[in-house]
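Structural description and commentary
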Amino acid sequence: MGNSWFLGILFPILLCLYVFGGFVNGLGVNWGTMATHKLPPKTVVQMLKDNGIKKVKLFDADDNTMSALAGSDIEVMVAIPNDQLLAMNSYDRAKQWVRRNVTRYNFNGGVNIKYVAVGNEPFLTAYNGSFINITFPALQNIQNALNDAGVGDSIKATVPLNADVYNSPESNPVPSAGRFRNDILGIMTQIVDFLGKNSAPFTINIYPFLSLYGNDNFPFNYAFFDGGNPIADNGIQYTNVFDANFDTLVSSLKAIGHGDMTIIVGEVGSPTDGDKNANVANAQRFYNGLMPRLAANTGTPLRPGYIEVYLFGLIDEDAKSIAPGNFERHWGIYRYDGQPKFPLDLSGQNQNKLLLGAQNVKYLPQKWCMFNPNAKDLSKLADNINYACTFSDCTALGYGSSCNNLDANGNASYAFNMYYQVQNQDDMACNFQGLAMVTTQNLSQGTCNFIIQIASSSSSLGPSLVGIAFLTVLTFLLL
């Protein structure tokens, strides 16, 4: 018998541990911090650890975030924002950046940095070519600086790109016909060649939700994983837009001689508010389809097997730009306060339960700002609502969103309260020329949540912004 009896018992045990107590292999999350009130970084890191999340993608290399990650052994992708790409065209500046943000954390008990993201979707058509000529030199300099620092074998530079860098022709809209955009084909070829030379991955952001956004003719079920009408491509049946999009990239890479390049999905997710198709039900449906595929290493028709994926995102960000749409502030699987929005099984077994939330979160007092029902002069109500929403997040009031069904007074109360909370419940922030008043009664109703903001020591309203806001308010009230 030898040890066969032992192995016969051990293997099923290990299998059960993997299947029922595990976590999707290679799954990470995007940790964005564009919020007026941020959870303490150490609280967020503990939340990641509590939920078994072992990879995180950042959008900068903030000292506080990096210090919190030190000693956690969580794999980290640090990032260089687009507004720093030009500076990275200087090799000396690139070396300084690597010293300050990478190698200084390279010690036992430091930060487990695996990637450096050079820019964030720099070739978006919306940027009108602003970063096309400076992204590749920045990538070269950062990877060469990593190599010169002796860490290039274990830390790779990559460029997270939006899926609009490639497409299929209208005459043949199938994945196998995928090619990089003509206007960036040359630079994309250079970037891909350089990534290949350095054994670095290609990082792509794929958003099935965006296929639905603003396009009522898009087949709704095709944005999910459970019932889309298949599209045939050389004998392959594509039943969802994620597979089709990913394989369009595979074909694009193959067309320039890199069909076997490692691909990381840098962002994928589903928002929960800010649009008629952005809600908890659709987000759950999306993740319930995605997670089992990742757990089973299903891959795609052209790339079966393991794919490294980072969910977007971890926490809602109420200060993100809404230029792409109101949904931009609602991508988190957690609310602004680190509490889970819906049940989600990160092991991919569809045994959905609420994720563990942030612990020991401190909130502002239980006070809300509401429309004053005794207000007499309503002539400037619209102006005041507009002002409140300019300096806070009113995206939930939009069409099809969670607070879309409020009456006129409810809309005003929601706007006033959001501004009041952003301003840390300052008494002066709940006046609005006599149109508002403070209440201790929770105004939430139905799907519409009137929040109490967290008591954040890292509120993004720094002294200069508060000063500007005060002067603006003063000017506004004197009108």
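Throughout what follows, the structure given in this document is the object of discussion. (Residues numbered from 1 in each chain as written. Predicted model: local features only at pLDDT ≥ 70, side-chain atom pairs only at ≥ 80, totals over all residues. Heavy atoms only, no water.)

Helix and strand counts for the protein stand at 12 helices and 15 strands. In terms of overall dimensions, the protein has C-alpha extents of about 80 × 55 × 55 Å along its principal axes. With 479 residues in all, the protein has 53% of them scored as buried. Sequence separation of at least 24 residues holds for 71% of the intrachain contacts in the protein that already meet a minimum separation of 6. Of the roughly 21,600 Å² that the protein leaves accessible, carbon and sulfur atoms contribute 53%. Looking at the protein, you have 30 positive and 37 negative side-chain charges, and the mean spots of the two groups are 5 Å apart. (Helix = DSSP H or I, 4+ residues; strand = E, 2+ residues; numbered from the N terminus. Buried < 20%, exposed > 50% of the residue type's maximum accessible area, 1.4 Å probe, protein only. Contact = heavy atoms within 4.5 Å. Areas by Shrake-Rupley, 256 points an atom, 1.4 Å probe, with all protein chains shown as cover. Lys, Arg positive; Asp, Glu negative; His and termini not counted. Charge placed at Lys NZ, Arg CZ, Asp CG, Glu CD.)

Moving on, we come to helix H11 (residues 408–422). For H11, built from 15 residues, the straight-helix expectation of 21 Å at 1.5 Å per residue is met to within 8% by its first-to-last C-alpha distance of 22 Å. Buried residues dominate H11, accounting for 12 of its 15 residues. Every buried residue of H11 is listed here: Gly-410, Ala-412, Ser-413, Tyr-414, Ala-415, Phe-416, Asn-417, Met-418, Tyr-419, Tyr-420, Gln-421 and Val-422. A side-chain oxygen of the first residue of H11 lies 3.2 Å from the backbone nitrogen of Asn-409; this N-cap is Asp-407. Of the residues one or two after H11, Asn-424 is the one with positive phi, at around 55°. (Expected span 1.5 Å × (residues − 1). Polar contact = N/O pair within 3.5 Å; in protein donor to acceptor, adjacent residues only side chain to side chain.)

Our next topic: the state of the cysteines. Tallied over the full model, the rule gives three disulfides. The residue that forms a disulfide with Cys-403 is Cys-448, at a sulfur-sulfur distance of 2.0 Å. Between Cys-403 and Cys-448 the sulfur-sulfur dihedral comes to about 95°; the bridge is accordingly right-handed. With Cys-403 in the loop between helix H10 (381–390) and H11 and Cys-448 in the loop between strand E15 (436–439) and helix H12 (463–478), the pair connects residues that are 45 residues apart, well separated along the chain. (Disulfide = S-S within 2.5 Å.)

Looking now at the sheet that holds strand E5 (residues 156–158). Strand-to-strand pairing in sheets goes through backbone hydrogen bonds, with the strands running parallel or antiparallel. The sheet built from nine strands is open, its strands ordered E5-E4-E3-E2-E1-E13-E12-E9-E6 with parallel pairing. On the outer flanks of this sheet lie E5 and strand E6 (161–162), each paired with one strand and no other. Note: strand E1 (residues 27–30) against strand E13 (residues 308–311), three bridges, orientation parallel. Each bridged residue has a counterpart across the sheet, and for Gly-28 the counterpart in E13 is Tyr-310. (Pairing = 2+ DSSP bridges.)

The omega torsion of the bond from Phe-312 to Gly-313 falls at -5°, within 30 degrees of zero and hence cis. Relative to the elements of secondary structure, Gly-313 occurs in the loop between E13 and strand E14 (368–371). Positive phi is not limited to glycine here, since Asn-128 has a value of about 55°. Its identity as a non-glycine residue notwithstanding, Asn-424 has a phi of 55°, on the positive side. Take Asn-424: its relative accessible area is 35%, and that puts it in the partly exposed class.

To continue, consider the pairing of E13. Of the two faces of E13, the one lined by Glu-308 and Tyr-310 and the one lined by Val-309 and Leu-311 are each fully buried. Handedness of the strand E12 (residues 263–268)-helix H9 (residues 280–295)-E13 crossover: right-handed. (Right-handed = clockwise from strand over helix to strand, strands pointing away.)

Taken as a whole, this structure holds 24 aromatic pairs when the rule is applied. A ring pair is formed by Phe-312 and Trp-331, whose centres lie 5.8 Å apart and whose planes are at 70°; its orientation type is edge-to-face. Of the two residues, Phe-312 is situated in the loop between E13 and E14 and Trp-331 in the loop between E13 and E14; the sequence distance between them amounts to 19 residues. Within the aromatic cluster, the residues linked to one another by ring pairs are Phe-59, Tyr-207, Phe-209, Tyr-213, Phe-312, Phe-327 and Trp-331. Lying across the ring of Phe-224, Arg-285 places its NZ or CZ 4.2 Å from the centre. (Phe/Tyr/Trp six-rings, centres within 6.5 Å; stacked < 30°, edge-to-face > 60°. Lys NZ or Arg CZ within 6 Å of the ring centre and 35° of its normal.)

Taken residue by residue, a regular strand's side chains alternate between the two faces of the sheet. The buried fraction of E12 is high, at six of six residues. Judged from the four bridges that link them, strand E9 (residues 202–205) and E12 form a sheet pairing that is parallel. Bridging from a neighbouring strand, Ile-204 pairs with Val-265 of E12.

Below, the discussion takes up helix H6 (residues 185–197). The end-to-end C-alpha distance of H6 is 18 Å, a good match for the 18 Å that 13 residues give at a rise of 1.5 Å each. Burial in H6 covers these residues: Ile-187, Met-188, Ile-191, Val-192, Phe-194 and Leu-195. The arc that holds the buried residues of H6, viewed along the axis, is 160°, so those residues lie on one side. Elements in contact with the buried residues of H6: helix H5 (132–148), E5, E6, strand E8 (179–180), E9 and helix H8 (241–255). Just past H6, the residue Ser-199 takes up positive phi, approximately 55°. (Arc of directions from axis to C-beta.)

In this section: the environment of His-37. Here His-37 is to be found in the loop between E1 and helix H2 (41–50). The sequence separation of His-37 and Leu-356 amounts to 319 residues, and the corresponding C-alpha distance is 20 Å. At a separation of 3.0 Å, a polar atom in the side chain of His-37 contacts the side chain of Thr-36.

A general tendency of soluble globular proteins is for nonpolar side chains to be buried together. Judged by nonpolar contacts, the single largest core of 133 residues is most densely connected at Trp-97, Val-116, Ile-142, Phe-180, Phe-202 and Phe-416. Top element by residues in this core is H5. It accounts for eight residues. Once residues lying within four places of it in the same chain are set aside, the contact partners of Phe-180 are Val-165, Tyr-166, Leu-185, Met-188, Val-192, Phe-202, Leu-249, Ser-252, Leu-253 and Ile-256. (Core = buried A, V, L, I, M, F, W, Y, C linked by side-chain atoms within 4.5 Å.)

We now examine the environment of Asp-383. By the secondary structure assignment, Asp-383 is in helix H10. Separated by 337 residues in sequence, Asp-383 and Gln-46 have C-alpha atoms that sit 42 Å apart.

Tracing the backbone shows Ser-401 in the loop between H10 and H11. A residue is classified by how much of its surface remains accessible, and Ser-401, at 8% relative accessible area, is buried. Looking at Ser-401, its side chain comes within polar contact range of the main-chain nitrogen of Asp-275, at 3.4 Å. Aside from chain neighbours lying at most four places away, what touches Ser-401 is Asp-273, Gly-274, Asp-275, Thr-395 and Ala-396.

This part is about the pattern of salt bridges. The full count for this structure, using the stated rule, is 15 salt bridges. In this structure, Arg-181 engages Asp-164 in a salt bridge whose closest nitrogen and oxygen atoms are separated by 3.6 Å. Taken as a pair, Arg-181 in the loop between E8 and H6 and Asp-164 in the loop between E6 and strand E7 (166–167) lie far apart in primary sequence, 17 residues in all. When salt bridges that share partners are traced, they join Lys-55, Glu-75, Lys-114 and Glu-308 into one network. (Salt bridge = Lys/Arg side-chain N within 4 Å of Asp/Glu carboxyl O.)

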